[in-house]
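The residues making up each chain are set out below.
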Amino acid sequence: MMVDPTLAEMGKNLNEAMKILEDGRNASDPDADRRQFSRSSIPGPLQGDGQDVASILQLVQNLMHEDEEEDKPSHRRMQNVGEQGHMALLGHSLAAYISVLDRERLRKLITRIASDTTLWLCRLFRYESGSAYYHEDDREGLLKVCRLVINTRYEDYSTEGYTVLNSRQPVIYQSATCRPGLGQHLCSQLGLPLSSLCTVPCNTMFGSQHQMDIALLDKLIREDVETGKLPLLLIANAGTPGAGHTDKLGRLKELCEQYGMWLHIEGVNLATLALWEVSSPVTAATRSDSMTLTLGPWLGLPAVPAVTLYRHEDPALSLAAGLTSSQPVEKLRALPLWLSLQYLGHDGIVEKIRHAVELSQQLLEKLKTLASIKTSVEDELNSPVVVFRFSQETSAESSGGSVEGYFAGEREVLDCLNRWLCERLAQLVPASGVDIVELEDEGTCVRFTPLMTAAALGTQRCDVDLLVERLIELIPVLNCTLRLRLDFREEVYRHSALSYIEDLNWPGLGAVRYEPRIEELNDSKRQLEVEKINSELLVKLGELDADRIFSTGLEFGPEKDCIFIGMATEDLDVAELVDTIAALGRDIEENGRLLENMTEVVRKGIQEAELQLQKDNQDKLMEEGVLRQIPLVGSVLNWFSPFQSTVKGRTFNLAAGSLDSTEPTYSMKAQTGGLASPETPTTSAKRLPGQRLFRRKGAGGSDSHSETSSVGQAEELSRERFPQPTPPSPVPDEAVSVVPESPETPQRPPTKENCEVGTQEGEEEEREPVGQEAPVEETGR
């Protein structure tokens with residue numbers, strides 16, 4: 001068999017390129033090459049000789065992963081590109097190569113590719129006698145269909161243009177559950193005013209609240225017809241973007257035929273048309289005038305175009321609307337899909353869709369057994385989309401909380417908790433592909449759409465089982481947190497130094513702020529003091545209990561300088577937690593105030609000591625006389641006639657902040673200190689290794705020491721981390737001796753009097769009678 005060498009080389013290069021890009025993430029030291037290529041990736045002049053393919057691919061790989069940090073593992077979903085993905089990527093390379101063929105060979109090839117792909121898709125999704133338009137933007141097909149309908153309904157549109165629209169204004173109808181911004185995009189691209197867009201509300205009394213209200217739609221159409229408007233097109237859903245519900249397509253088709261409207265359908269549930277057993281609401285989609293299929297997510301095919309299947313008999317109008325093109329190159333968009341469909345085959349395509357539907361049914365069956373989980377599913381037997389949310393238990397016993405509706409803003413709190421639940425499930429089970437969806441009636445929910453994620457992430461049945469296991473583990477945490485929020489608020493109100501911060505968007509117990517009891521400060525200084533105390537308090541709380549989440553809240557939250565407490569568990573003692581916050585905040589405030597007071601006391605004491613030293617030096621000079629100040633004469637005079645000065649030394653007591661005389665020190669041969677150092681209080685209960693704080697007595701999973709005081713635990717932990725140094729001598733730390741200096745006083749020979757406190761001190765202590773207690777032991781300890 002003859003082989004084109006260019007095609008063979010293309011396939012080989014693609015395999016090598018994919019291997020480099022995929023294996024680069026598993027390198028032993030990815031940061032080394034990343035740093036090297038990040039420096040070379042700075043835009044600059046092109047190299048004269050160019051670079052080889054391997055270097056360019058290595059640069060691409062590093063640019064793809066340059067934002068990933070080694071110490072922070074990423075939970076971002078990465079599509080699993082398999083063999084079918086390689087075929088889709090190969091199709092883009094082949095399209096570039098085929099485009100250089102001669103015109104006749106190119107025309108034959110693209111005609112075969114387009115006809116084969118269209119035939120396969122029409123048979124696969126039961127859409128008989130249809131044509132196909134391939135487009136990158138999934139809204140582009142609907143836009144082209146609107147142009148086709150305008151050209152069909154306004155015969156002079158091709159010659160007169162938009163002026164013919166003034167006779168009868170066209171109206172496009174869409175459901176309130178359509179994709180956000182879809183109708184506005186159509187009006188802006190078609191040059192129509194927003195008054196040409198009519199949004200039809202959903203059911204309010206009967207049927208699903210996510211389905212279009214057909215009776216109201218009929219009324220709106222009749223009103224538009226009576227006012228001279230032209231009903232042009234109706235956009236229906238076979239699987240709404242949020243909840244995955246399907247409109248009543250059969251009834252809508254009858255209504256469109258009645259008023260001569262075009263019916264366009266889109267949605268994820270259209271994928272189930274490929275199965276043997278299809279629900280009747282979705283089967284009606286085969287009668288629509290057009291529908292858009294997004295095969296890339298359904299089959300896990302990267303970079304394949306979306307397809308809009310439509311029925312129209314006039315090829316000239318289709319060409320005018322842009323649904324067909326005279327340019328052969330544009331028809332090559334179907335090539336990646338043509339290759340992928342052949343690689344998967346009919347059975348492979350059906351199996352992928354069936355597997356996704358079975359995953360939804362598996363999860364739905366398990367969610368029915370959970371009391372705190374509410375599901376929002378249209379068809380429990382065939383729905384490929386599962387939407388669920390956590391709801392407060394109404395029958396569970398409360399240890400301090402109450403039943404549903406016990407506080408204002410419950411809807412916002414439940415939305416916040418469900419948002420946290422979805423984020424945790426996505427982190428714990430990334431292969432599940434769950435995401436957050438905001439529904440008008442239900443609020444924030446968790447959505448499981450395997451048709452859009454399973455093929456790309458490789459989701460299996462074991463992943464669904466793991467998802468349910470993690471959900472069961474998180475439900476008690478959600479129940480306890482919701483139940484204890486009121487207890488936390490009441491406990492905070494009991495402390496005058498704490499302020500409760502109401503933040504309904506925080507997934508946890510709540511927020512609290514410690515307010516210092518300093519009234520004389522102005523607003524700016526008080527704000528700085530509040531920020532300082534709460535930041536230190538946050539650090540201490542994190543050191544006390546690493547299992548509990550203490551943070552500064554949401555990054556862009558309205559409240560600042562607060563302490564946000566995370567999710568709660570069943571054994572949490574809220575009263576002890578709040579008491580500990582208040583006690584630690586009070587300690588931080590008092591320590592800061594003590595430091596400020598001590599600084600002021602030391603400053604004043606030094607000034608007073610300097611004045612006292614000057615006065616004592618002057619008194620001593622007056623007592624000794626002038627002769628004793630002369631160096632030689634003073635030494636001789638002191639030898640023959642020693643002088644006994646009446647000036648005594650001074651001791652600066654840091655604890656009392658006062659100057660005391662040193663006479664008791666010299667008389668008792670030890671510093672006594674007016675005030676003995678108070679003993680450090682010790683707590684009766686110490687935190688044992690492995691003990692967890694803030695646990696209620698008798699609660700499941702709590703230790704036997706949970707009844708200890710939170711304040712005592714905080715003080716004991718601080719004392720264990722920062723042990724007090726043992727004093728080397730009996731002299732207390734707060735006593736500092738200050739001896740007055742004699743200016744230019746000559747050194748006197750040692751005498752009996754001045755040697756009394758000196759070398760003989762130790763000998764006299766040794767000669768004390770046995771059994772007599774030393775004075776240093778009476779006063780120093």
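Note that the structure is predicted; figures quoted are calculated from it, not measured. (Residues numbered from 1 in each chain as written. Predicted model: local features only at pLDDT ≥ 70, side-chain atom pairs only at ≥ 80, totals over all residues. Heavy atoms only, no water.)

Caption draft 1: Up close: the overall build of the chain. Scanning the chain from terminus to terminus reveals 24 helices and 18 strands. For the chain, contacts bridging at least 24 residues in sequence account for 71% of all contacts bridging at least 6. Accessible area of the chain: about 42,100 Å², with a carbon and sulfur share of 53%. (Helix = DSSP H or I, 4+ residues; strand = E, 2+ residues; numbered from the N terminus. Contact = heavy atoms within 4.5 Å. Areas by Shrake-Rupley, 256 points an atom, 1.4 Å probe, with all protein chains shown as cover.)

Caption draft 2: Broad picture of the pattern of salt bridges. Following the criterion strictly, the structure yields 21 salt bridges and no others. Linking Arg 494 and Asp 579 is a salt bridge whose minimum nitrogen-to-oxygen distance equals 3.7 Å. With Arg 494 in the loop between helix H17 (461–493) and strand S12 (498–501) and Asp 579 in helix H19 (residues 574–624), this pair connects stretches of sequence that are 85 residues apart. We classify Arg 494 as exposed; its relative accessible area is 51%. (Salt bridge = Lys/Arg side-chain N within 4 Å of Asp/Glu carboxyl O. Buried < 20%, exposed > 50% of the residue type's maximum accessible area, 1.4 Å probe, protein only.)

Caption draft 3: Spatial organisation of the packing of helix H6 (residues 140–153) against helix H8 (residues 182–190). Where H6 contacts H8, the axes come no closer than 10 Å and their chain directions differ by 55 degrees. With respect to H8, the element H6 is oriented oblique. By crossing handedness, the relation of H6 to H8 is classed as right-handed. On the side of H6, the interface is formed by Leu 142, Leu 143, Cys 146, Arg 147 and Ile 150, while H8 contributes Leu 182, Leu 186, Gln 189 and Leu 190. Looking at the contact of H6 with H8, its residues break down into 7 nonpolar, 1 polar and 1 charged. (Axes fitted to C-alpha atoms, helices over the stretch in contact; angles between N-to-C directions. Parallel < 35°, antiparallel > 145°, perpendicular 65-115°, else oblique. Left-handed = near helix turned anticlockwise from the far one by under 90°. Nonpolar A, V, L, I, M, F, W, Y, C, P; charged D, E, K, R; others polar.)

Caption draft 4: View of the packing of aromatic side chains. A full pass over the atoms with the stated rule returns 5 aromatic pairs. A centroid spacing of 5.9 Å and a plane angle of 70 degrees characterise the contact between Tyr 493 and Tyr 500, whose relative ring orientation is edge-to-face. Taken together, Phe 488, Tyr 493 and Tyr 500 form an aromatic cluster joined through their ring pairs. Above the plane of the ring of Tyr 127 lies Arg 311, whose end atom (NZ or CZ) is 3.8 Å from the centre. (Phe/Tyr/Trp six-rings, centres within 6.5 Å; stacked < 30°, edge-to-face > 60°. Lys NZ or Arg CZ within 6 Å of the ring centre and 35° of its normal.)

Caption draft 5: Looking closely at the sheet that holds S12. Read across the sheet, 4 strands follow the order S12-S13-S15-S14 without closing on themselves; strand pairing throughout is antiparallel. The sheet terminates laterally at S12 and strand S14 (550–551), the two strands that pair on one side only. One ladder, built from 4 bridges, connects S12 with strand S13 (residues 510–514); its direction is antiparallel. Bridging from a neighbouring strand, Ile 501 pairs with Ala 511 of S13. Against the sheet, H17 contacts S12, S13 and strand S15 (563–565), and its axis sits at roughly 150 degrees relative to S12. (Pairing = 2+ DSSP bridges.)

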